Amino acid sequence: MGRSRRTLPEELLLLALDPATGTTAQPQSLDLGLAGAQLVELALAGRIAPDGDRIAVVAPRPTGDPTLDCALELLRRRGAPVRAVHWIGGPRLGLRQTYLSHLERCGMVHAVAGQMCGVLPTTRYQATETAISREIRSRLDSAIRTGVPPDPRTAALAALAHAVGLGKHLYPGNEGRSSRSRLRDLIRHDPMGGLVAHAVMDVQNGVAAQPRRSPAAPAGRPAPEPARGVPMQPRHGSMARAVAH
């Protein structure tokens, strides 16, 4: 996969970046959304495919994007399809910072150092390629305004934006209520985006920690154990630690 196209994690992060404050909206749920956006991007690249509520690797060859290839390799090592909700709910240390640093290297954002309360060092990010951010937003606005089914990439972006709670950031107030509703409705236009978006919301609602009810087992035989996996809340850290997990 060439680098002429921005990836969904990059686009989701640019959507979440507040131009006034230089911070990202919904930072905790955004971490989950970025992990989910990686899955959708890998699916669009033909590397993975949905298998019920699970994700299966169908073509393990690298995409050429180091961060996506790291996720693909971790999925490959699982050996068997993994539930999307368990993958997204797992530790993704430093994923947001990894993408912010990448966008800075690409010249799409500029890091601004500062201090909190005059003591604690902080870093804010200002978009430098505002035309790119406007183009991304325009795709969502057009899909919402026209009602025409969007392309799979835009549909997935809309689904992820809704899942992480960016609706109120993008379309605030009472006047944005109908747009937020239509943003939510776009989730049905891409099966993979819908699967991942629902997994993101399930993790936030604690559903990932609950075993899914199994079909009734034949008489005399115990029901199969649910898929194992304990979701963890995203924490900050280095990309090296994220790869290790």
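About the cut-offs
Sequence order as written defines the numbering, with residues in each chain counted from 1. Only residues with pLDDT of at least 70 get local features here, since the model is predicted, and only at 80 or more are side-chain atom pairs given and counted; chain-wide, interface and lining totals rely on the full set of residues. The side-chain numbers reported here are obtained from all heavy atoms of the structure, hydrogens and water having been left aside. Ring pairs are drawn from Phe, Tyr and Trp, using the six-membered ring of Trp, whenever the two centres fall within 6.5 Å, and their geometry is named by plane angle: stacked under 30 degrees, edge-to-face over 60, tilted for the rest. Any Lys NZ or Arg CZ that is within 6 Å of a ring centre and within 35 degrees of that ring's normal is treated as a charge sitting over the ring. In this analysis, axes come from line fits to C-alpha atoms, helices being fitted only over the stretch in contact, and the angle between any two N-to-C directions falls in the range 0 to 180 degrees. The secondary structure listing takes helices from DSSP runs of H or I that are at least 4 residues long and strands from runs of E that are at least 2 residues long, numbered from the N terminus. Angles below 35 degrees are treated as roughly parallel, those above 145 as roughly antiparallel, those between 65 and 115 as roughly perpendicular, and all remaining angles as oblique. Residue contacts follow a heavy-atom distance rule, with two residues in contact if any of their heavy atoms lie within 4.5 Å. Any residue that is not Ala, Val, Leu, Ile, Met, Phe, Trp, Tyr, Cys, Pro, Asp, Glu, Lys or Arg is counted as polar, Gly included; the first ten are nonpolar and the last four charged. As used in this record, nonpolar core signifies buried Ala, Val, Leu, Ile, Met, Phe, Trp, Tyr and Cys residues forming a set joined through side-chain atoms within 4.5 Å. Working definition: with a 1.4 Å probe on protein chains only, accessible area under 20% of the residue-type maximum means buried, over 50% means exposed, and in between means partly exposed. Within 3.5 Å is the distance limit for a polar contact, defined as a pair of N or O atoms, with the added protein rule that one can donate a hydrogen and the other accept it, and that residues adjacent in sequence qualify only through two side-chain atoms.

A. Main features of the packing of aromatic side chains. What the rule picks out here adds up to zero aromatic pairs. In this structure, R137 packs its charged tip against the face of Y171, placed 4.7 Å from the ring centre.

B. How the structure looks around the packing of helix α6 (residues 130-146) against helix α7 (residues 152-163). One way to put it is that α6 packs onto α7 with a least axis distance of 10 Å and a crossing angle of 90°. Put simply, α6 runs roughly perpendicular to α7. Facing α6, whose interface residues are I136, R139, L140 and A143, α7 presents R153, T154, L157 and A158. Grouping the amino acids of the contact of α6 with α7 by side-chain chemistry returns five nonpolar, one polar and two charged.

C. Summary view of the nonpolar core. In this structure, L39, I88 and L166 are the most contacted members of the largest nonpolar core, which totals 63 residues. The set of elements that each furnish at least two residues to this core consists of α1 (8-16), α2 (27-44), α3 (66-78), α4 (84-89), α5 (95-105), α6, α7 and α10 (191-204).

D. View of the side chain of D31. By the secondary structure assignment, D31 is in helix α2. D31 sits in the buried class, given a relative accessible area of 7%. Side-chain polar atoms of D31 contact the side chain of R96, separated by 2.8 Å.

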